[in-house]
Amino acid sequence: MFLTSGLWIMESVSAMLLAVNRCIELAYPRWGALLYEGNRGWIWLIIPISYSSYIFIFTKPVLFNSLYFSWFFNPHMGYVNDFGTVYYNIHHTVHNITILSALIGLYLIFVIVILTKSSRLHGQTQDRSELSKRLLFQRKSFIQVFIICFINASAAAIYVYVQFFPAIDIIMIFGHMFWHLAHAIPSVIYWSLNKTIRNDCLEMIRNVKESISKRTSKIFPSLYGNRAVANSENPENVTQNQPQEDSDSGF
């Protein structure tokens, strides 16, 4: 249960950093290269890992409630409703409100940047094919950020609400569904819309298949080679294993 809060914190902060990354790289490519090029992206992951570790170790956990199919800080939800008066985690609540506000703000900034860039491209680029490629890249980036931000913001908003106010079951189920999607949908989005990541994954799969085929080719020839050596050392086994011709060949 402790791990649940930590993973949610890590994923939502990573989504916020992704939105920041997309905005900077689109608006200021030089700054994007300076901040994220090469292995610098791994350094940024220190932020969600450190923050989620603090939440995981030093704050109260969230507990799963099978009555409402959702997560609550109140372990008696459904029997003794508390709504944030006794059982609550102020760090988790502040985090969800911050994530909700930050994602909405970053999404609006991202939309403004895309619209500004698109208008400039129409005025500067004469080559239609080049213009269409750039616009397609911007649309894909927009869709990626929008879906991830929408799911995370929806999960954060619903979970803040249900911790402090009574809600109908369908809202709680939607909140739990958005929580699942927040952890699962990024890989689907990247595979579908990000050509670079998709090509890298396909290359990894090809490398694994080649590695397996090479290992297989090394194993089986060695087995056959050992049999050949054994037969050469014991020629009697070869003659014994050879089928004898039928003496009554006229049958």
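Values in this document were obtained by computation on a predicted structure and should not be read as measured data. (Residues numbered from 1 in each chain as written. Predicted model: local features only at pLDDT ≥ 70, side-chain atom pairs only at ≥ 80, totals over all residues. Heavy atoms only, no water.)

## Structural notes on the overall build of the protein
In terms of regular secondary structure, the protein is built from nine helices and two strands. Each helix and strand of the protein, ordered N terminal to C terminal, gives the series α-α-α-α-β-β-α-α-α-α-α. Buried positions account for 31% of the 251 residues belonging to the protein. Surface summary for the protein: the accessible area is close to 16,600 Å², and the carbon and sulfur share equals 65%. (Helix = DSSP H or I, 4+ residues; strand = E, 2+ residues; numbered from the N terminus. Buried < 20%, exposed > 50% of the residue type's maximum accessible area, 1.4 Å probe, protein only. Areas by Shrake-Rupley, 256 points an atom, 1.4 Å probe, with all protein chains shown as cover.)

## Some words on the layout of surface pockets
Here the largest pocket defines a volume of roughly 1,500 Å³. The wall of the largest pocket is formed by 45 residues, among which Leu18, Asn21, Arg22, Glu25 and Asn194 lie closest to the centre. When contributions to the lining of the largest pocket are tallied by element, the ones reaching two or more residues are helix H1 (2-27), helix H2 (29-36), helix H3 (40-44), helix H4 (46-58), helix H5 (90-124), helix H6 (128-164), helix H7 (169-193) and helix H8 (195-233). Take the lining of the largest pocket: its biggest share by element is 12 residues, from H1. Here the lining of the largest pocket is composed, by residue class, of 23 nonpolar, 12 polar and 10 charged. (1 Å grid on protein atoms, 1.4 Å probe; cavity = no way out; pocket = protein on both sides within 12 Å on 5 of 7 lines; lining within 4 Å. Points joined across faces, edges and corners; volume = space filled by probe spheres on them. Nonpolar A, V, L, I, M, F, W, Y, C, P; charged D, E, K, R; others polar.)

## Examining the UniProt feature "transmembrane region" (unreviewed entry) in the protein
Feature annotation in UniProt assigns "transmembrane region" (unreviewed entry) to the following positions: residues 45-73, 93-115, 142-164 and 170-193. Note that residues 45-73 is 45% helix and 21% strand, and that its end C-alpha atoms are spaced 27 Å apart. End-to-end, the C-alpha atoms of residues 93-115 are 33 Å apart, and along that stretch the chain is 100% helix and 0% strand. (UniProt positions renumbered as here; feature names shortened; annotations may be inferred.)

## Some thoughts on the nonpolar core
Ranked by size, the top nonpolar core spans 27 residues in total, and within it Trp8, Phe72, Val162 and Met172 carry the most contacts. For this core, the secondary structure elements donating two or more residues are H1, strand E2 (70-72), H6 and H7. Per-element accounting of this core gives the leading share, seven residues, to H6. Apart from the residues within four sequence positions on either side, Met172 is in contact with Tyr68, Phe69, Ser70, Phe72, Val162 and Ala167. Among the nonpolar cores identified, the runner-up in size contains 12 residues, and Ala19, Cys23, Leu26 and Cys149 belong to it. (Core = buried A, V, L, I, M, F, W, Y, C linked by side-chain atoms within 4.5 Å. Contact = heavy atoms within 4.5 Å.)

## Let's talk about a nonpolar patch on the surface
On the surface, Phe64, Phe69, Ile168, Ile170, Ile171, Ile173, Phe174 and Met177 cluster together into a nonpolar patch covering about 690 Å² of accessible area. The element best represented in the nonpolar patch is H7, accounting for five residues. Its place among the elements puts Phe69 in the loop between strand E1 (63-65) and E2. (Patch = residues over 30% accessible without salt bridge, like charges linked within 9 Å, V, L, I, M, F, W, Y side chains within 5 Å. Salt bridge = Lys/Arg side-chain N within 4 Å of Asp/Glu carboxyl O.)

## A closer look at H7
For H7, built from 25 residues, the straight-helix expectation of 36 Å at 1.5 Å per residue is met to within 8% by its first-to-last C-alpha distance of 34 Å. The principal kink in H7, of about 45°, is found at Ala184, preceding the proline Pro186 by one to four residues. Those residues of H7 not exposed but buried are Met172, Gly175, His176, Phe178, Trp179, Ala182, Ile185, Pro186 and Ile189. (Expected span 1.5 Å × (residues − 1). Bend = angle between axes of the 7 residues up to and from the residue.)

## As for the environment of Tyr107
Examined against the element boundaries, Tyr107 turns out to sit in helix H5. Residues Tyr107 and Ala19, 88 residues apart in the sequence, show an inter-C-alpha distance of 7.3 Å. When neighbours within four sequence positions are excluded, Tyr107 is seen to be in contact with Phe142 and Phe146.

## Thoughts on the packing of aromatic side chains
Taken as a whole, this structure holds seven aromatic pairs when the rule is applied. The interplanar angle of 35° and the centroid separation of 5.4 Å between the aromatic rings of Tyr54 and Phe58 together place this pair among those described as tilted. Of this pair, Tyr54 and Phe58 both sit in helix H4, four residues apart, which is roughly one turn of that helix. Tyr54 gets classed as partly exposed once you look at its relative accessible area, which sits at 37%. A residue is classified by how much of its surface remains accessible, and Phe58, at 60% relative accessible area, is exposed. A ring pair is formed by Phe174 and Phe178, whose centres lie 6.4 Å apart and whose planes are at 35°; its orientation type is tilted. Taken together, the residues Phe174 and Phe178, both in helix H7 and four residues apart, mark about one turn of the helix. The exposure class of Phe178 is buried, given its relative accessible area of 13%. Here the aromatic residues Tyr107, Phe146, Phe150, Phe174 and Phe178 are joined through ring pairs into a cluster of three or more. (Phe/Tyr/Trp six-rings, centres within 6.5 Å; stacked < 30°, edge-to-face > 60°.)

## Looking at H4
Spacing of three or four residues puts side chains on the same side of an α-helix, whose turn is 3.6 residues. In this model, H4 (13 residues) spans 18 Å end to end at C-alpha, consistent with the 18 Å of a helix rising 1.5 Å per residue. Those residues of H4 not exposed but buried are Pro48, Ser52 and Ile55. Relative to the axis of H4, the buried residues are bounded by an arc of 55° and lie together on one face. The outward face of H4, more than 90 degrees from its buried face, is lined by the exposed residues Ile57 and Phe58. (Arc of directions from axis to C-beta.)

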